[in-house]
Amino acid sequence: MAEMVRNKQVLLKNYVDGFPKESDMVVTSDATINLELPKNEPGSILTKNLYLSCDPMMRNRMTETYEGAYMDSFTPGSPLVGVGVSKIVDSTHPDFKKGDYITGHINWEEYSVIRDPQFLTKIHNTDVPLSYYTGILGMAGMTAYVGFYEFCSAKKGEYFFVSAASGAIGHIVGQFAKLAGCYVVGSAGSKEKVDLLKNKFGFDEGFNYKEEENLKATLKRYFPEGIDIYFDNVGGKMLDAVLPNMRLHGRIASCGMISQYNKLDQPEGVYNLQHVFFKRLKILGFTFYDFLHLYPKFYDLIFPLIREGKIEYLEHTAEGIENAPAALIGLFSGKNVGKQVVAVAHN
């Protein structure tokens, strides 16, 4: 007889206005799940969820509607959904078998029944930590790759700036820029994070944006000849300060605006847009979902860098799904260093 177990879940309690709180979510063990699939339901898989990715864009999905949405909002009373890594414990699907590891979008819960697994990816390389598939081998790494290599087309000696530089994407793309021979500066939210940028990730310089009264002047100090490439993770005031400091024919890769996600009703204005045409700038807003076809090319680059120790990767891990709400909320106050992961189980 199949085993029935409690299935701990993280549910969205209500849609969120303003800054999200842990109380906007609820951790419950009310649900149960059968650890064996019905044999008369072909094409399904049952997963044990191991690692959950906390990503700033999840905040947007906690709002009922938001302009320009490219993903549906979460449903109150249902589990949150995000990138994760899971192990298959039962399958009636011909392409997946028990014991396989997969990655993709999964519910924030201990176990999941997935009846349409076509958008999940089977993990073949297990010589690296499985949690890496939530970050450097997943959305964060792929976003850094696309923005830097496919759009920025950096040349040796160019001046590169990245905001939220100690975060999941920032600390990876900054190292890509160093490998390409760029001069690299990053902004972060504490002295400790700035020290990491310079001493662990090899950045040339870094600064604590919270201590700077005039960001435009700060950037002029670090880039007296201007910025060739800006990798934007925050938007708002930082983007506004960057624009006057860009060089002719500069490139701006915009993959996130974490400073604005809690201000959807009244976002901060950007007032220096005239520099876009003064300096003939190129700006690309993108998500990694537009470039999934490039995963093989990305893996050809990133796996050797990881295995040969040519790139440093940092995870900030919260143990237990009950700590997932706090881990997600912590993104918006800078509590994480590197990629924020929730370890539901380790195998």
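See the structure printed just above.
A short tour of the structure in this document, coming up. (Residues numbered from 1 in each chain as written. Predicted model: local features only at pLDDT ≥ 70, side-chain atom pairs only at ≥ 80, totals over all residues. Heavy atoms only, no water.)

### Focus on the layout of surface pockets
Rolling a probe over the atoms, with the probe sized like a water molecule, indicates the empty space that remains.
Okay, step 1: Empty space within the second largest pocket amounts to approximately 830 Å³.
Okay, step 2: What lines the second largest pocket is a set of 32 residues, among which T103, G104, H105, F119 and L120 lie closest to the centre.
Okay, step 3: Looking at the lining of the second largest pocket residue by residue, the class counts come to 18 nonpolar, 10 polar and four charged. (1 Å grid on protein atoms, 1.4 Å probe; cavity = no way out; pocket = protein on both sides within 12 Å on 5 of 7 lines; lining within 4 Å. Points joined across faces, edges and corners; volume = space filled by probe spheres on them. Nonpolar A, V, L, I, M, F, W, Y, C, P; charged D, E, K, R; others polar.)

### As for the packing of aromatic side chains
Okay, step 1: For the structure on display, the rule yields 22 aromatic pairs.
Okay, step 2: Centre to centre, the rings of F148 and F160 are 5.7 Å apart; their planes meet at 75°, and the pair counts as edge-to-face. Here the residue F148 occupies a position in helix α1 (residues 139-152), and F160 occupies one in strand β10 (residues 159-162), the gap between them amounting to 12 residues. By the burial criterion, F148 is buried, and F160 matches it.
Okay, step 3: Ring pairing ties together the aromatic residues Y145, F148, Y149, F160, F176, F288, Y289, Y295, F298, Y299 and F303, which thus form one cluster.
Okay, step 4: Over the ring of F96 we find K122; its NZ or CZ atom is 5.6 Å from the centre of that ring. (Phe/Tyr/Trp six-rings, centres within 6.5 Å; stacked < 30°, edge-to-face > 60°. Helix = DSSP H or I, 4+ residues; strand = E, 2+ residues; numbered from the N terminus. Buried < 20%, exposed > 50% of the residue type's maximum accessible area, 1.4 Å probe, protein only. Lys NZ or Arg CZ within 6 Å of the ring centre and 35° of its normal.)

### Comments concerning empty space enclosed by the protein
Okay, step 1: Within this structure, the stated rule accounts for one cavity of 30 Å³ or more.
Okay, step 2: Approximately 30 Å³ is the volume found for the largest cavity.
Okay, step 3: Lining of the largest cavity is provided by D55, M57, M58, R61, V81, G82, V83, H105, M139 and Y289.
Okay, step 4: Per-element accounting of the lining of the largest cavity gives the leading share, three residues, to strand β6 (residues 81-91).
Okay, step 5: Here the lining of the largest cavity is composed, by residue class, of six nonpolar, two polar and two charged.

### Observations concerning the environment of H93
Okay, step 1: Relative to the assigned elements, H93 resides in the loop between β6 and β7 (101-107).
Okay, step 2: Owing to a relative accessible area of 18%, H93 belongs among the buried residues under this scheme.
Okay, step 3: Between the C-alpha atom of H93 and that of P42, which follows or precedes it by 51 residues, the distance is 6.0 Å.
Okay, step 4: There is a polar contact of 3.0 Å between the side chain of H93 and the backbone nitrogen of D95. (Polar contact = N/O pair within 3.5 Å; in protein donor to acceptor, adjacent residues only side chain to side chain.)

### Some points on the environment of K98
Okay, step 1: Looking at the secondary structure, you find K98 in the loop between β6 and β7.
Okay, step 2: Judged by relative accessible area, K98 falls into the exposed class, the value being 65%.
Okay, step 3: Spatially, the C-alpha atom of K98 lies 8.8 Å from that of L46, the residues being 52 residues apart in sequence.
Okay, step 4: K98 has contacts with I88 and V89, leaving out every residue within four places of it along the chain. (Contact = heavy atoms within 4.5 Å.)

### Overview of the pattern of salt bridges
Okay, step 1: One pass over the structure, following the stated rule, counts 16 salt bridges.
Okay, step 2: Residue K339 is joined to D55 by a salt bridge in which the shortest nitrogen-to-oxygen separation is 2.6 Å. Linking K339 in strand β17 (residues 339-343) with D55 in the loop between β5 (45-53) and β6, this pair joins segments that are 284 residues apart in sequence. For the pair shown, K339 and D55 are each scored as buried.
Okay, step 3: Note that E312 is salt-bridged to K200, the shortest N-O span being 3.5 Å. Note that E312 is positioned in the loop between α7 (295-307) and β16 (315-319) and K200 in the loop between α3 (191-199) and β12 (205-208), a separation of 112 residues in sequence.
Okay, step 4: Here K200 falls in the partly exposed class, since its relative accessible area comes to 34%.
Okay, step 5: Here the salt bridges share partners, and the residues they tie into one network are K97, D100 and K122. (Salt bridge = Lys/Arg side-chain N within 4 Å of Asp/Glu carboxyl O.)

Purely geometric numbers; function is a separate question.
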